[in-house]
Amino acid sequence: MLDRADEHQEIRDAVRALCRQFPDAYFRAIDAQRAYPEAFVDALIGAGWLSAMIPEAYGGSGLGLTAASVIMEEINRCGGNSGAVHGQMYNMGTLLRHGSRAQKEKYLPAIAAGKLRLQSMAVTEPSTGTDTTRIRTTAVRKGASYLVNGHKVWISRVQHSDLMILLARTTPLAEAPRKSEGLSIFVVDLHDAVGNGLSVQPIANMVNHETNELFFENLEVPAENLIGEEGQGFRYLLDGLNAERALIAAECIGDGYWFIERASRYASERIVFDRPIGMNQGVQFPIAEAFIEIEAANLMRFKACTLFDAQQPCGAQANMAKYLAAKASWEAANVCLQTHGGFGFANEYDIERKFRETRLYQVAPISTNLIFSYVAEHLLGLPRSF
């Protein structure tokens, strides 16, 4: 940020050094092949960045969400795509805050050592979207296990994860005291599940983002894999969603700075009519405006992360940070593409790739309109709109 004494400069420098080993051409090739950046992810794991939020007692770095957000920001600012790895950061919060000691001892050291990946979370369903309390996937206790049946969609990184966080209804909605109760969270071992009650159908999409449709048919999940108390999963989920939105905001901030830096450089170097195009106010003003928006969004991002790390309520700040950052990065993307003109559409400039990647966050992981609804109801006291 501008004129900010950055307490995370060492993290930024180290992540940038790692990212320099994976230049634009690497991510361009990965995108063209619709492949997963295995070498890049392995490097992040080897350097300990994906275990940043795991306590030192379990082999991690013991850092907070603020530091984790800086890692995600820098990956995107260097031209990469944190969407390949960010799940491990926000999914970790659910296990860290609500998992049992036995679960932490079982999973966290292996995740920190890079032996296990916790990259996937299964919440969204085709018939409910963001109306999470009405999910239809059920988990029914049968002896020492739960039998899971249902259908999930837009579940990412399943093929590149060992574990998955699953939200299912354990008490029928009609019998729950409140609609937000009766939902439970489980850790699913994907190696045991796939082919044994869980089938995975990849979804082709406009971004190189591995995502899937999941079908559960009498999948057995050991009762010991239940996180926290049965029926309280929705409350636990909110922690993870707040972390997710703050991290996505940071990624959009990274994208925004990338677009601004590329646009500024090109506007300074591109000569038309015997002078740099950046001398024209019609070119430089939109770039300046986009930079202002990114800087402002960054303030809310840090506020959300600070509150989360202090274990204070941060739902409003996380939602607003995600909205502001996603909007600012998208505006910066448009400015960057417009500044480059026709060259912005050429693969070799990487703008069209980043353009597609940052557009996703106008829709996911929560849409702009749902954020407006949240702010209107919870901050402004307006009647619930749905």
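Preceding this paragraph is the structure being described.
Residues numbered from 1 in each chain as written. Predicted model: local features only at pLDDT ≥ 70, side-chain atom pairs only at ≥ 80, totals over all residues. Heavy atoms only, no water.

Description of the layout of surface pockets
Part 1: The space that makes up the second largest pocket amounts to roughly 350 Å³.
Part 2: Lining the second largest pocket we find 24 residues, and of these Arg34, Ala35, Asn208, His209 and Glu210 sit closest to its centre.
Part 3: Among the elements that make up the lining of the second largest pocket, the one with the highest residue count is helix α2 (residues 24-33) (three residues).
Part 4: Per-class residue counts for the lining of the second largest pocket are ten nonpolar, eight polar and six charged. (1 Å grid on protein atoms, 1.4 Å probe; cavity = no way out; pocket = protein on both sides within 12 Å on 5 of 7 lines; lining within 4 Å. Points joined across faces, edges and corners; volume = space filled by probe spheres on them. Helix = DSSP H or I, 4+ residues; strand = E, 2+ residues; numbered from the N terminus. Nonpolar A, V, L, I, M, F, W, Y, C, P; charged D, E, K, R; others polar.)

What to know about helix α5 (residues 86-98)
Part 1: Buried residues dominate α5, accounting for twelve of its 13 residues.
Part 2: Three or more residues of α5 are buried, namely His86, Gly87, Gln88, Met89, Tyr90, Asn91, Met92, Gly93, Thr94, Leu95, Leu96 and His98. (Buried < 20%, exposed > 50% of the residue type's maximum accessible area, 1.4 Å probe, protein only.)

Observations concerning the nonpolar core
Part 1: Ranked by internal contacts, the top residues of the largest apolar core, which has 74 residues, are Phe40, Ile71, Ile75, Val85 and Met89.
Part 2: It is helix α8 (residues 233-269) that provides the largest number of residues to this core, a total of twelve residues.
Part 3: Not counting chain neighbours up to four residues away, the residues in contact with methionine 89 comprise Trp49, Leu50, Ala52, Met53, Ala68, Ile71, Met72 and Leu247.
Part 4: One finds Ala122, Val148, Leu219 and Leu226 within the second-largest nonpolar core, a separate group that totals 20 residues. (Core = buried A, V, L, I, M, F, W, Y, C linked by side-chain atoms within 4.5 Å. Contact = heavy atoms within 4.5 Å.)

Things to note about the packing of α5 against α8
Part 1: Running from amino to carboxyl end, α5 crosses α8 at an angle of 150 degrees, the nearest separation of the two axes being 9 Å. Accordingly, the angle class assigned to the pair α5 and α8 is roughly antiparallel. Taken as a pair, α5 and α8 cross one another with a handedness that is right-handed. Only Tyr236, Asp239, Gly240, Ala243, Glu244, Leu247, Ile248 and Glu251 of α8 make contact with α5, whose side of the interface consists of His86, Met89, Tyr90, Thr94, Arg97 and His98.
Part 2: Here the residues of the contact of α5 with α8 are counted per class, giving six nonpolar, four polar and four charged. (Axes fitted to C-alpha atoms, helices over the stretch in contact; angles between N-to-C directions. Parallel < 35°, antiparallel > 145°, perpendicular 65-115°, else oblique. Left-handed = near helix turned anticlockwise from the far one by under 90°.)

Considerations on empty space enclosed by the protein
Part 1: By the definition in use, this model includes one cavity of 30 Å³ or more.
Part 2: Along its surface, the largest cavity is lined by Asn81, Val207, His209, Glu357, Leu360 and Tyr361.
Part 3: Its residues assigned to classes, the lining of the largest cavity shows three nonpolar, two polar and one charged.

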